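Structural description and commentary
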Amino acid sequence: MAVMSTYTRRRLSDAPFLAAATGATPARRPVWFMRQAGRSLPEYREVRAGIGMLESCFDPELVCEITMQPIRRHGVDAAILFSDIVVPLKAAGIDLDIVAGVGPVVTTPVRTAADIQALPRLRPEEVGAVTDGVRLLVEELGQTPLIGFAGAPFTLASYLVEGGPSKNHERTKAMMHGDPTAWHALLGVLTDITIVFLRAQLEAGVDAVQLFDSWAGALSLADYRRYVLPHSERVFAELAEAGVPRIHFGVGTGELLGAMGEAGADVVGVDWRLPLTEAVRRVGPGKALQGNLDPAVLFAGWPVVEAEARRIADEADSALAMGAAGHIFNLGHGVLPETDPGVLTALVELVHEL
């Protein structure tokens, strides 16, 4: 049977990450880390000194270098493009910045139908710096797959409506419930932007894509199905023809996993709150799972890290027996900035033995 991974641009049919993502048997258990490209690495802090986050994301050489750093240091099985979920919004012309210690801040929040009507659309050439970075990486990475990514429409909407990060998403939910017509119009625009951004990355050569719905965990299952799922479904459907693995991930989304699996991804990311054996019950058979070591455990000392990694590998093997198509070891969310890089390197070596 042909494996999907043989159809990726670089013919990386032996890559363990792609094998696990597509239901084939990997040569070893693959591992990569969300937010592996930076933050905890001294070489990342050095190369980014004095350069703003968004400025870094639009510098192809810097994108390439930062994406490569964890590959060189940790020997992980996939690279994730160094970027940010608000990059396509910035590229389209929305006035926003990433403020240190705060996150993305939008100058003029989107609150009315007129605001939504005025939103710009994204043209592929506006993310040319990103796609140039992808092309550099494809040359540099050899046999290591490259994961492209984007923020999901709901998470992008929450930043635009709130004006920045939000604890309770009250303005977002007020629009969602109070003006469903405006809400779906907004998510329609953001879905279009997300598709253009991911297609540009695919055409430049990424081997897989991940859709981050970082804030979807703030929703009930009923609200997710009504107000979010149709838009995420459209993203995955529009990317199907590329024939690469599609990953879906959110934080605190245990109650939504079944619906997130329905959105159309091949791999469903699981945060640390839910065992992989329960995740496969919710997602159903036939999809690979990704996760799900608690990032905070990396601070607890090596014996604890090793025990937890072995537990997750055992749970993953049970999930495979229950019908999961594959397992990709990862954290249940991103690498925390103060994490010891040596622990991550040792964790990769351990996972490869399990």
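Residues numbered from 1 in each chain as written. Predicted model: local features only at pLDDT ≥ 70, side-chain atom pairs only at ≥ 80, totals over all residues. Heavy atoms only, no water.

1. A closer look at the layout of surface pockets
In this structure, the largest pocket encloses a volume near 1300 Å³. Lining the largest pocket we find 42 residues, and of these Arg35, Arg39, Met53, Asp84 and Tyr159 sit closest to its centre. At the level of elements, β2 (96-99) and β3 (103-106) are the ones that each hand at least two residues to the lining of the largest pocket. Per-class residue counts for the lining of the largest pocket are 25 nonpolar, eleven polar and six charged. Taken as a whole, the second largest pocket spans an internal volume of roughly 150 Å³. (1 Å grid on protein atoms, 1.4 Å probe; cavity = no way out; pocket = protein on both sides within 12 Å on 5 of 7 lines; lining within 4 Å. Points joined across faces, edges and corners; volume = space filled by probe spheres on them. Helix = DSSP H or I, 4+ residues; strand = E, 2+ residues; numbered from the N terminus. Nonpolar A, V, L, I, M, F, W, Y, C, P; charged D, E, K, R; others polar.)

2. Here's the deal with the pattern of salt bridges
In total, this model carries 18 salt bridges according to the counting rule given. The partner of Arg123 in a salt bridge is Glu125, and the shortest N-O contact between them spans 2.9 Å. Residue class for Arg123 comes out partly exposed when judged on its relative accessible area of 45%. One salt bridge in this structure joins Glu238 and Arg199, with 2.7 Å as the shortest N-O distance. One end of the pair, Glu238, is in helix α12 (residues 229-239); the other, Arg199, is in helix α10 (residues 180-204), with 39 residues separating them in the sequence. For Glu238, a relative accessible area of 28% translates into the label partly exposed. Its relative accessible area of 30% is what places Arg199 among the partly exposed residues. (Salt bridge = Lys/Arg side-chain N within 4 Å of Asp/Glu carboxyl O. Buried < 20%, exposed > 50% of the residue type's maximum accessible area, 1.4 Å probe, protein only.)

3. Quick word on the UniProt feature "domain: Uroporphyrinogen decarboxylase (URO-D)" (unreviewed entry) in the protein chain
As annotated in UniProt, the feature "domain: Uroporphyrinogen decarboxylase (URO-D)" (unreviewed entry) corresponds to residues 30-39 and 147-163 in the numbering used here. In the segment residues 30-39, helix accounts for 0% and strand for 0%; the C-alpha atoms at its two ends are 22 Å apart. End-to-end, the C-alpha atoms of residues 147-163 are 28 Å apart, and along that stretch the chain is 59% helix and 29% strand. (UniProt positions renumbered as here; feature names shortened; annotations may be inferred.)

4. Here's the deal with the packing of helix α15 (residues 302-321) against helix α16 (residues 341-353)
At a closest axis distance of 11 Å, the pairing of α15 and α16 adopts a crossing angle of 35 degrees. As for how α15 packs across α16, the hand of that crossing is right-handed. Of the residues in α16, those in contact with Trp302, Val305, Glu306, Ala309 and Arg310 of α15 are Val343, Ala346, Leu347 and Leu350. Its residues assigned to classes, the contact of α15 with α16 shows seven nonpolar, no polar and two charged. (Axes fitted to C-alpha atoms, helices over the stretch in contact; angles between N-to-C directions. Left-handed = near helix turned anticlockwise from the far one by under 90°. Contact = heavy atoms within 4.5 Å.)

5. Some remarks on a nonpolar patch on the surface
Taken together, the side chains of Val99, Val102 and Val105 make up a nonpolar region of the molecular surface, amounting to roughly 200 Å² of accessible area. Of note, Val105 is situated in strand β3. On the basis of relative accessible area, Val105 is assigned to the partly exposed category, the value being 31%. (Patch = residues over 30% accessible without salt bridge, like charges linked within 9 Å, V, L, I, M, F, W, Y side chains within 5 Å. Areas by Shrake-Rupley, 256 points an atom, 1.4 Å probe, with all protein chains shown as cover.)

6. Here we look at the packing of aromatic side chains
Scanning the entire structure with this criterion turns up five aromatic pairs. Ring plane angle 70 degrees and centroid distance 6.3 Å describe the contact between Tyr159 and Trp215, whose orientation is recorded as edge-to-face. Linking Tyr159 in helix α8 (residues 153-162) with Trp215 in the loop between β5 (208-212) and α11 (221-227), this pair joins segments that are 56 residues apart in sequence. By relative accessible area, which is 29% here, Trp215 ends up partly exposed. For Arg273, the ring lying beneath its charged end belongs to Trp272, and the centroid distance is 4.2 Å. (Phe/Tyr/Trp six-rings, centres within 6.5 Å; stacked < 30°, edge-to-face > 60°. Lys NZ or Arg CZ within 6 Å of the ring centre and 35° of its normal.)

7. Looking at the side chain of Thr194
Positionally, Thr194 belongs in helix α10. Setting aside its immediate chain neighbours within four residues, Thr194 contacts Ala150, Gly151, Pro153, Leu156, Leu211 and Val235.

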